[in-house]
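So the chains spell out like this:
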Amino acid sequence: MYRLRVGYSDRGEAGPPGIPGKDGNKGERGQSGTDGKVEEKGNKGEQGLRGFPGKLGPQGIPGPVGHKGQKGELGLQGRKGMKGDVGDRGPEGAKGEIGYTGAIGLPGPVGPTGIQGLKGDTGDIGPKGALGLQGEKGTKGDTGEKGNTGDIAMVPKSAFTVGLTIATKLPPANVPIKFDKVIYNGQSHYSQETGKFTCEFAGIYYFTYHITVYSRNVRVALVKNGVKIIHTVDKYQGSEDQASGGAVLQLQVGDEVWMQTSGGEAFSGLFADQDDDTTFTGFLLFSFQ
């Protein structure tokens, strides 16, 4: 039999959690709220200041060998450097070669006419002789016999045209050029062995030359008995060039005329092949016979 004590009871231990209850019923939907007001769009603000340039990024990893990377952007142009100091004066150049004798100058102007001399005294005219009587006309003489046929006069002839070939192009300097291509030399007055023309008939001759220049400069002259008469200079500019010259000369029997280059190998660029020619020509205009 238990006794009940008023105002005091022993508390027992908590029981295990109960089983969750079922979800309650869904409540009714509330009323829709009032629409909010849309404010006006604000004014666009001012553009901000440009920021400082960013730091240089790290260098990229090199690409594989044989693979060309993309071209980078062009960098900013660097500042112009300061002007350098004036360099020291270079050494004095070597003395140049003596130039060739210039051509004969043109004749000077005609001088003033001299003072006319005094007129001499007129001599006395002698007395005129008496006119003689005209003689009688003589009888016509007999026709003479026909004379013998005379010797036929010889007409002096002299002419030649010769040229260079592939074998004789770029001739040596300061000696007669030996042209070995004979176009005409009917009287054999030009010698292929010496390169000289020898005068056989005293008279007036005309000489001319046509040259092709290639691979070197050219300084060529027409020579009479060792004296240079006319000169032609042509500077090689990297492409084939051509030039010519000519002169009328008075020659005596035995005089010699030839062509030669001067100035060494650098000025002997006379050229010839199957398409280009360098020629030398001379002929008699008239003789003194």
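Description of the structure in this document. Quick caveat: nothing in here was measured; it's all calculated off a predicted structure.

## Some remarks on the overall build of the chain
Along the backbone of the chain there are zero helices and nine strands. Classification of the 289 residues of the chain by burial places 21% in the buried group. Taking contacts inside the chain between residues at least 6 apart in sequence as the whole, the part at least 24 apart equals 71%. On the chain, roughly 26400 Å² of surface is accessible, and the fraction owed to carbon and sulfur atoms is 52%.

## Observations concerning unusual backbone geometry
Phi is positive for leucine 170, close to 55°, though the residue is something other than glycine. The exposure class assigned to leucine 170 is partly exposed, which follows from its relative accessible area of 26%. One non-glycine residue with positive phi stands out, namely serine 188, at about 55°. Structurally, serine 188 is set in the loop between strand 2 (181–184) and strand 3 (197–198).

## Some remarks on the packing of aromatic side chains
For the structure on display, the rule yields 12 aromatic pairs. The interplanar angle of 15° and the centroid separation of 5.4 Å between the aromatic rings of phenylalanine 160 and tyrosine 190 together place this pair among those described as stacked. Here tyrosine 190 lies in the loop between strand 2 and strand 3 and phenylalanine 160 lies in strand 1 (residues 159–163), a separation of 30 residues in the sequence. On the basis of an interplanar angle of 80° and a centroid distance of 5.9 Å, the ring pair of tyrosine 214 and tyrosine 236 is categorised as edge-to-face. Here tyrosine 236 lies in the loop between strand 5 (227–234) and strand 6 (241–251) and tyrosine 214 lies in strand 4 (residues 203–224), a separation of 22 residues in the sequence. Taking the relative accessible area as the measure of exposure, tyrosine 236 reaches 26% and is therefore partly exposed. An aromatic cluster is present here, built from Phe160, Phe179, Tyr190, Phe197, Tyr205, Phe207 and Phe280 joined pairwise through their rings. Between the NZ or CZ atom of lysine 196 and the centre of the ring of tryptophan 258, over which it lies, the distance is 4.6 Å. Here arginine 219 stacks its cationic end above the ring of phenylalanine 267, 4.2 Å away from the centre of that ring.

## Re the nonpolar core
Judged by nonpolar contacts, the single largest core of 27 residues is most densely connected at Phe207, Leu222 and Phe280. Broken down by secondary-structure element, the contributors of at least two residues to this core are strand 1, strand 4, strand 6, strand 7 (256–261) and strand 9 (279–287). The biggest single contributor to this core is strand 4, with eight residues.

## Looking at the pattern of salt bridges
According to the stated counting rule, one finds two salt bridges in the structure shown. Between lysine 181 and aspartate 277 there is a salt bridge, with its nearest N and O atoms 3.0 Å apart. On the criterion of sequence distance, the pair formed by lysine 181 in strand 2 and aspartate 277 in the loop between strand 8 (268–270) and strand 9 is long-range, its members being 96 residues apart. We classify lysine 181 as partly exposed; its relative accessible area is 33%. Its relative accessible area of 33% is what places aspartate 277 among the partly exposed residues. Here lysine 196 makes a salt bridge to glutamate 256, at a shortest N to O gap of 3.5 Å. Within this pair, whereas lysine 196 is found in the loop between strand 2 and strand 3, its partner glutamate 256 is found in strand 7, the two being separated by 60 residues in sequence. Classification of lysine 196 as partly exposed rests on a relative accessible area of 21%. Judged by its relative accessible area of 26%, glutamate 256 is partly exposed.

## Notes on the side chain of aspartate 255
Examined against the element boundaries, aspartate 255 turns out to sit in the loop between strand 6 and strand 7. The side chain of aspartate 255 is buried and forms no salt bridge, while lysine 224, the nearest opposite charge, is found at 4.5 Å. Within the structure, aspartate 255 has its side chain in polar contact with the side chain of asparagine 225 (distance 3.2 Å). Leave out the neighbours within four places in its chain, and aspartate 255 touches Phe197, Thr198, Cys199, Lys224, Asn225 and Gln250.

## Re a nonpolar patch on the surface
On the surface, Val248, Phe283, Leu285, Phe286 and Phe288 cluster together into a nonpolar patch covering about 480 Å² of accessible area. Here the nonpolar patch gets three residues from one element, more than from any other, and that element is strand 9.

Rules used in this analysis
Residues numbered from 1 in each chain as written. Predicted model: local features only at pLDDT ≥ 70, side-chain atom pairs only at ≥ 80, totals over all residues. Heavy atoms only, no water. Helix = DSSP H or I, 4+ residues; strand = E, 2+ residues; numbered from the N terminus. Buried < 20%, exposed > 50% of the residue type's maximum accessible area, 1.4 Å probe, protein only. Contact = heavy atoms within 4.5 Å. Areas by Shrake-Rupley, 256 points an atom, 1.4 Å probe, with all protein chains shown as cover. Phe/Tyr/Trp six-rings, centres within 6.5 Å; stacked < 30°, edge-to-face > 60°. Lys NZ or Arg CZ within 6 Å of the ring centre and 35° of its normal. Core = buried A, V, L, I, M, F, W, Y, C linked by side-chain atoms within 4.5 Å. Salt bridge = Lys/Arg side-chain N within 4 Å of Asp/Glu carboxyl O. Lys, Arg positive; Asp, Glu negative; His and termini not counted. Polar contact = N/O pair within 3.5 Å; in protein donor to acceptor, adjacent residues only side chain to side chain. Patch = residues over 30% accessible without salt bridge, like charges linked within 9 Å, V, L, I, M, F, W, Y side chains within 5 Å.

Shape descriptors only; they carry no functional weight alone.
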